[in-house]
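Report on the structure
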Amino acid sequence: MNRFEYCQARLFENESFVAKDRNIKLYDGDEKTNYEDGEVVLTSHRLLWGRNGEIARGGSCLALKLKYVLSVDEEEASSMLFGRKKRIILRLGSLASDKMPGPMDHSCSTFVKLSGRNGVEVAFVQALHSTLSARIWIVSDDGEQAQSSQSDASAAGPSADASRRQLRIGIVGIERNLAEKQKQTDANINMAFKDLGRLMAMAKDMVAITNVVSAKIRERQGEISEDETVRFKSYLLSLGIDDPVTRDGTRSNSEYFLKLSRQLCEMLLDPITEAGGMMSLADVYCRVNRARGLELLSPEDLLEACRLLTGPIKLREFPSGAIVLQLESHDDALISQRTLELVEQNVSMSPDELARLECISLLLARERLLTAEGFGQLCRDESVEGLRFYTNKFIH
């Protein structure tokens, strides 16, 4: 404790606020002191400890220069009220000759401890390690001069030198420092969004360029082989650049949704056919937005466009509330017969087993089983083990 000095809660000209913690008490080595339930403030140069409210008012406090701290350790302590907690141990170097008066003139301990009711906050400990690693007080040449000016000011009152240095006092200085950091953060965020805007604008230009290249490929202009044509088209599709319908390119909402429904039909015909004639709306949403690239659709716009589908794909809602897109040629009777055959081969089947077997979503697997049950081909068994379907023996 003999490394601590009496001072006023002020930040020097080159000093900045780092972190703060409350309900902290100080130990002189392993011995308790009367400095309990105070708040500790970490700056770029010092560690300040004061009674609750004193630092905020710019009152008197204790200060430990970070140049004294050689290392930081942790130890676990137990408390009947708060359980196990961690204390912070600061290993200190030798006393400097120009040290100002403090709470102790002599101490046999070469370390101090910081302890809180629930231990010291992890964020404060991390900030302490980072500050000690940065060692800003070494780079700042004016630190010692600022401290001597502070001591003279506290002894002789306000002076011209103190006003020139514009010392930031108490909580006002801390708030000003935080406001400056917030302003810098806002500036960085604004710059990032400007860059994002430029990226979106460039992406639209790239879409226009690829449309021109695609047109030239279709017209077979230039010496482009068939393999190169197929490869380039596959690249465009994988990037999702296929001239998606947008609101900006249409004159009204009705025209937008009508064109969008036609594009959805062209885009989803083959995938739905490969999926067995039916695809859940959630899968449709993911597939469509993956193909559209930057021009993403909202769920509401997708649903509105799907309602306008007339063929060969249509929107269907099951009695359970599940919504899917299915081919008009989709035959529930044939699908139910296929489901019955799978159940007969496996004696019984649950929705997740059918989903794995047919490589379809769990939602569609359950609806297929329920549809087969509606045709009287299956019957269900609901128990604590879940929902299972068996062949309907009663019809025989």
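Shown above is the structure to which this text applies.
A quick note: this is a predicted structure, and the numbers were derived from the prediction, not measured. (Residues numbered from 1 in each chain as written. Predicted model: local features only at pLDDT ≥ 70, side-chain atom pairs only at ≥ 80, totals over all residues. Heavy atoms only, no water.)

1. Some words on helix α8 (residues 281-292)
Rules: Secondary structure follows DSSP: runs of H or I at least 4 residues long count as helices, runs of E at least 2 residues long count as strands, and numbering of each begins at the N terminus. A helix is expected to span 1.5 Å multiplied by its residue count minus one. The classification of residues rests on relative accessible area computed with a 1.4 Å probe and restricted to protein chains. Under 20% of the type maximum is buried, over 50% is exposed, and intermediate values are partly exposed. The directions from the helix axis to the C-beta atoms are what the arc is built from. A contact between two residues is defined here by any heavy atoms of the two lying within 4.5 Å.
For α8, which comprises twelve residues, the first-to-last C-alpha distance of 16 Å matches the rise-based estimate of 16 Å (1.5 Å per residue) to within 8%. Within the sequence span of α8, burial applies to L281, V284, V288, N289 and R292. The arc enclosing the buried residues of α8, seen along the axis, measures out at 120°, which places them on a common side. Looking at α8, the residues exposed on the side facing more than 90 degrees away from the buried face are A282, C286 and R290. Contacts made by the buried residues of α8 are with α7 (253-274), β12 (278-280), α9 (299-307), β13 (313-317) and β14 (323-327).

2. Some words on the sheet that holds strand β16 (residues 378-383)
As a reminder of what qualifies: Strands are labelled as partners when DSSP assigns at least two bridges between them. Note on method: axes are straight lines fitted to C-alpha atoms, helices fitted across the in-contact stretch only, with angles between N-to-C directions ranging 0 to 180 degrees.
Read across the open sheet, the three strands follow the order β15-β17-β16; overall the sheet is antiparallel. Looking along the sheet, the strands with just one partner apiece sit at the ends: β15 (348-349) and β16. Seen against the sheet, helix α10 (residues 332-345) touches β15, β16 and β17 (386-391) and runs at an angle of roughly 100° to β17. This element, helix α12 (residues 362-374), spans β16 and β17 of the sheet and lies at about 120° to β16.

3. Considerations on the nonpolar core
For clarity, the cut-off: Among the buried residues, those of types Ala, Val, Leu, Ile, Met, Phe, Trp, Tyr and Cys that are joined through side-chain atoms within 4.5 Å form a nonpolar core.
In this structure, L26, L47, L64, V69, I88, L90 and L114 are the most contacted members of the largest nonpolar core, which totals 28 residues. Listed by contribution, the elements that provide at least two residues to this core are β3 (17-28), β5 (38-43), β6 (46-51), β7 (60-65), β8 (69-79), β9 (83-92), β10 (111-116) and α1 (122-134). Per-element accounting of this core gives the leading share, five residues, to α1. Contact partners of L47, with chain neighbours within four places excluded, come to F4, V40, V41, L42, L62, A63, L64, L66, L90, L114 and F124. If you look at the next biggest cluster of nonpolar residues, it comprises 20 residues, including L281, V288, C306 and I313.

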